[in-house]
Amino acid sequence: MQQAVDLARVQNPSLLAADAHVTATRQSEITAGLRVNPNFNLTGSDVSLAANSNNPYFYSGQVSRLFERGQKRRWRLDIAHSTTDVTRSQYADQERQAVLAVKTSFTQMLGAKGAFDLAKQNLDDYRKTIDLSRERMRAGDISATDFKRLDLQLAQFESDYDNAHTNLVQASEQLQTLLGYDRPHPGFDITGSLDPPSISTTPPAC
C-alpha cells in the first residue's frame, strides 16, 4: 500500500497539476517583488536632411521611472506570499484526499482479489462435485433428476465467479487510474493483507 501511495504522489495527474500550480504561484512572488524598469525615450526630427538645410535636425531624450508610494510593493509581496500559502494548503488537502482514495481503492482491490479467489475455488470444487455425481448417476447411485438438480446449481457458482471477476477488474482499473496510468494494464496486480492492525489494550499509566 505504501508503494502505491508513493507512486500516486509522483504520477497522479491531479496531484501533478496541483503541484505545478503551487510552483507557478511561488514564481508570482518574484514578479510581485520586481521594481519597474526606467524608460528612456529618444526622438529626432529632420535627421535625414543635409547639414546646411534651413531646417536643422533635432534630437530629444527623456528618462522616466515609476516611483511607487504607499508601500505598494510591500503590500503586493504580502498578497503574493499569502496566495502561495493558500495554494500550498490546497495542495496538501488535495494530496490527503488522493492518498485516502488510493488506500481505499487498494483495500477494495485486495477484497475483490480475495472474493475472486474464493469464487474460483468454489466453482472448481463444485465442478468436481458435478463430475462425481455424473459418475454416480451412470452407476445408478442417484437418479437423473437429482443430477439435473445439482447441475442447475452450477449456474449460480458460475454467476458468482463472473461477478467476482468483474468486481476485480473494476477495482484494478480504479486503482490504476489513481496511480496515474494512461490505460489499464490487464496484468496489474498488488500484494497485501486485510488483517486489521493490532490494538494495544494496555491501560495508560496513571
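Refer to the structure printed above.
Quick caveat, the model's predicted, so the values are computed rather than measured.

**Q** What is the right way to look at the overall build of the chain in this model?
**A** Counting secondary structure elements, the chain contains 4 helices and 2 strands. If you list the helices and strands of the chain from N to C, you get α-α-β-β-α-α. Against the compact-globule benchmark of 17 Å for 206 residues, the chain has a radius of gyration of 37 Å, which places it well outside the compact range. If you line up the chain on its principal axes, its C-alpha atoms span 135 × 70 × 20 Å. The buried share among the 206 residues of the chain stands at 21%. In the chain, of all internal contacts separated by at least 6 residues, the share reaching a separation of at least 24 is 70%. Surface accessibility of the chain: about 15,200 Å² in total, with carbon and sulfur atoms responsible for 54%. For the chain, the distance from the average position of its 22 positive side-chain charges to the average position of its 24 negative side-chain charges is 10 Å.

**Q** Would you mind going over the packing of aromatic side chains with me for this structure?
**A** Summed over all chains, the structure comprises 3 aromatic pairs. Measuring from centroid to centroid gives 5.2 Å for Phe116 and Tyr161, while their planes differ by 40°, and the two rings are tilted. Taken together, the positions of Phe116 in helix α3 (residues 72-138) and Tyr161 in helix α4 (residues 144-178) put the pair 45 residues apart, joining distant regions of the chain. We classify Phe116 as buried; its relative accessible area is 13%.

**Q** Help me out: how do you make sense of helix α2 (residues 13-33) in this one?
**A** Taking 1.5 Å of rise per residue, 21 residues should cover 30 Å, and α2 covers 31 Å from first to last C-alpha, within 8% of that figure. Residues of α2 that are buried: Leu15, Ala18, Val22, Thr25, Glu29, Ala32 and Gly33. For α2, the angular spread of the buried residues around the axis is 95°, confining them to a single face. Residues Ile30 and Thr31 are exposed on α2 and point more than 90 degrees away from its buried face. Its buried side turned inward, α2 meets α1 (2-11) and α3. The N-cap of α2, judged by a side-chain oxygen 3.0 Å from the amide nitrogen of Ser14 a few residues on, is Asn12.

**Q** Even after reading the chapter, I still don't get α1, so can you show me in this structure?
**A** Three or four residues apart is the spacing at which side chains of an α-helix point the same way, because the helix has 3.6 residues per turn. Buried residues of α1: Ala4, Val5 and Ala8, and no others. Around the axis of α1, the buried residues are gathered within 100° of arc, so they sit on the same side. Looking at α1, the residues exposed on the side facing more than 90 degrees away from the buried face are Gln3 and Val10. Residues of α1 that are buried make contact with α2, α3 and α4.

**Q** Could you clarify how one ought to interpret the nonpolar core in this entry?
**A** Nonpolar side chains tend to gather and get buried jointly when the protein is soluble and globular. Counting 18 residues, the largest nonpolar core has Val102, Phe106, Met109, Leu175, Leu179, Phe188 and Ile190 as its most contacted members. Among the elements of the structure, α1, α3 and α4 are those that each provide at least two residues to this core. Considering each element in turn, this core owes the most residues, 8 residues, to α3. If near-sequence neighbours (up to four positions away) are discounted, Leu179 is found in contact with Ala4, Leu7, Ala8, Gln11, Asn12, Val102 and Phe188.

**Q** Looking at this structure, I do not really get the pattern of salt bridges. What am I missing?
**A** When charged atoms on two side chains of opposite charge get close, those side chains can pair. For the coordinates displayed, the defined rule picks out 12 salt bridges. Put simply, Asp78 and Arg74 hold a salt bridge, and the shortest N to O gap is 3.7 Å. Taken together, the residues Asp78 and Arg74, both in helix α3 and 4 residues apart, mark about one turn of the helix. Assessed through its relative accessible area of 32%, Asp78 is described here as partly exposed. A residue is classified by how much of its surface remains accessible, and Arg74, at 38% relative accessible area, is partly exposed. The salt bridge involving Asp141 is made with Arg136; its shortest N-O contact spans 2.8 Å. Among the charged side chains, a salt-bridge network with shared partners connects Asp6, Arg9 and Glu95.

Criteria and cut-off values
- Residues numbered from 1 in each chain as written.
- Predicted model: local features only at pLDDT ≥ 70, side-chain atom pairs only at ≥ 80, totals over all residues.
- Heavy atoms only, no water.
- Helix = DSSP H or I, 4+ residues; strand = E, 2+ residues; numbered from the N terminus.
- Rg over C-alpha atoms; globule rule 2.2 N^0.38 Å.
- Buried < 20%, exposed > 50% of the residue type's maximum accessible area, 1.4 Å probe, protein only.
- Contact = heavy atoms within 4.5 Å.
- Areas by Shrake-Rupley, 256 points an atom, 1.4 Å probe, with all protein chains shown as cover.
- Lys, Arg positive; Asp, Glu negative; His and termini not counted.
- Charge placed at Lys NZ, Arg CZ, Asp CG, Glu CD.
- Phe/Tyr/Trp six-rings, centres within 6.5 Å; stacked < 30°, edge-to-face > 60°.
- Expected span 1.5 Å × (residues − 1).
- Arc of directions from axis to C-beta.
- Polar contact = N/O pair within 3.5 Å; in protein donor to acceptor, adjacent residues only side chain to side chain.
- Core = buried A, V, L, I, M, F, W, Y, C linked by side-chain atoms within 4.5 Å.
- Salt bridge = Lys/Arg side-chain N within 4 Å of Asp/Glu carboxyl O.

Coordinates in, geometry out; function isn't part of it.
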